[in-house]
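# Secondary and tertiary structure notes
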Amino acid sequence: RRQRQMCIRDRSNIISVFFMTQRNKFKKEVDHSLILQVFPKSDPTFHAGPLLDFFKQPIFKINNKSYHELINPDSGLKICTLTSLSGKPLNISHEAFLQGIIFKMDIPNTLKITTAFNELILTIKQFNSKLNGVLVDVSRKTLNDDQISQIYVHLKKLEKIMQEKKIPSGSNIAQKMFN
């Protein structure tokens, strides 16, 4: 009987290790942040007036840590967090000396990843149009529409992986697993 109990425990441990390995592999696959940056095209900083006007839109809110968030207008949920280049909260004022903005999306904790990404890109394009900005990657290389499409395809794959594992992006389960 004792030998049987040890055998059951050993199998149970093997199964636990297997599931932990699978979970870690899954987490490694999808636990990423998308980081996009916007810089002024020709000036050293964004102009304060148009910057103030742009951030008056209802799609932006300031969270309890003073960070700006882009909000999905349909769901009211966060799409991404916006920071200064130093990672600190944005200073949107007439005295602002803003040399660039970081848009950071927490992929597994964002509801409907690809829909949120489309909303993010739309907002960045509007921002760039109104404030003469340029969208770049973390290496500060300009992103064109083909590269944006490649990012979309990659995000679609991550979204599918999460759906197959029955862990919808932005869900309570995802937030517990990826925080």
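Counting its secondary structure elements, the chain contains five helices and six strands. Ordering the α and β elements of the chain from the N terminus gives α-β-α-β-β-β-β-α-β-α-α. Relative to its 179 residues, the chain shows a buried fraction of 41%. If you take every contact in the chain between residues at least 6 apart in sequence, the share linking residues at least 24 apart comes to 64%. For the chain, the exposed area adds up to about 11500 Å²; of that, 51% sits on carbon and sulfur atoms.

On to the packing of aromatic side chains. Under the criterion given, the structure shown has seven aromatic pairs. Centre to centre, the rings of F46 and F127 are 5.0 Å apart; their planes meet at 80°, and the pair counts as edge-to-face. You can see F46 sitting in the loop between β1 (33-40) and α2 (48-54) and its partner F127 sitting in helix α3 (residues 113-131), a full 81 residues away along the chain. We classify F46 as buried; its relative accessible area is 2%. Owing to a relative accessible area of 1%, F127 belongs among the buried residues under this scheme. An angle of 70° between the planes, with centres 6.3 Å apart, marks the rings of F55 and F127 as edge-to-face. Within this pair, whereas F55 is found in the loop between α2 and β2 (60-62), its partner F127 is found in helix α3, the two being separated by 72 residues in sequence.

With antiparallel pairing, the six strands of this open sheet are ordered in space as β2-β3-β4-β5-β1-β6. With partners counted over all chains shown, the strands left at the sheet margins are β2 and β6 (133-136), one partner each. Taking the axes of each pair of neighbouring strands and ignoring which way they run, one obtains an average angle of 30° across the sheet. Relative to the sheet, α3 contacts β1, β2, β3 (68-71), β4 (78-84), β5 (101-106) and β6, its axis offset from that of β1 by approximately 10°.

Glancing now at the pairing of β4. Taken across its seven residues, β4 has six buried, putting it largely inside the fold. Bridging between β3 and β4 involves four bridges; their strand directions are antiparallel. Across the sheet, residue L70 finds its bridge partner in β4, namely C80. Taken together, β3 and the strand that follows it, β4, pair antiparallel across an intervening segment of six residues, in which G76 is found at a positive phi of about 80°.

Once that is clear, we can look at the nonpolar core. Among the nonpolar cores identified, the biggest contains 41 residues, and L36, F55 and L120 are the most heavily contacted of them. Mapped by element, the contributors of at least two residues to this core are β1, α2, β4, β5, α3, α4 (145-164) and α5 (172-177). Here this core gets eight residues from one element, more than from any other, and that element is α3. Setting aside its immediate chain neighbours within four residues, F55 contacts F60, H68, L82, L90, I92, I101 and F127.

What follows is about the confidence of the model for the chain. Overall, the predicted model of the chain reaches an average pLDDT of 84, with 83% of residues at or above 70. Across the chain, the element-wise mean pLDDT spans from 51 in helix α1 (residues 2-30) up to 96 in β3. Of the regions scoring below 50 in pLDDT, residues 2-19 engages in zero contacts with residues more than four places distant in sequence or in other chains.

Conventions adopted
- Residues numbered from 1 in each chain as written.
- Predicted model: local features only at pLDDT ≥ 70, side-chain atom pairs only at ≥ 80, totals over all residues.
- Heavy atoms only, no water.
- Helix = DSSP H or I, 4+ residues; strand = E, 2+ residues; numbered from the N terminus.
- Buried < 20%, exposed > 50% of the residue type's maximum accessible area, 1.4 Å probe, protein only.
- Contact = heavy atoms within 4.5 Å.
- Areas by Shrake-Rupley, 256 points an atom, 1.4 Å probe, with all protein chains shown as cover.
- Phe/Tyr/Trp six-rings, centres within 6.5 Å; stacked < 30°, edge-to-face > 60°.
- Pairing = 2+ DSSP bridges.
- Axes fitted to C-alpha atoms, helices over the stretch in contact; angles between N-to-C directions.
- Core = buried A, V, L, I, M, F, W, Y, C linked by side-chain atoms within 4.5 Å.
- pLDDT = per-residue confidence, 0-100.

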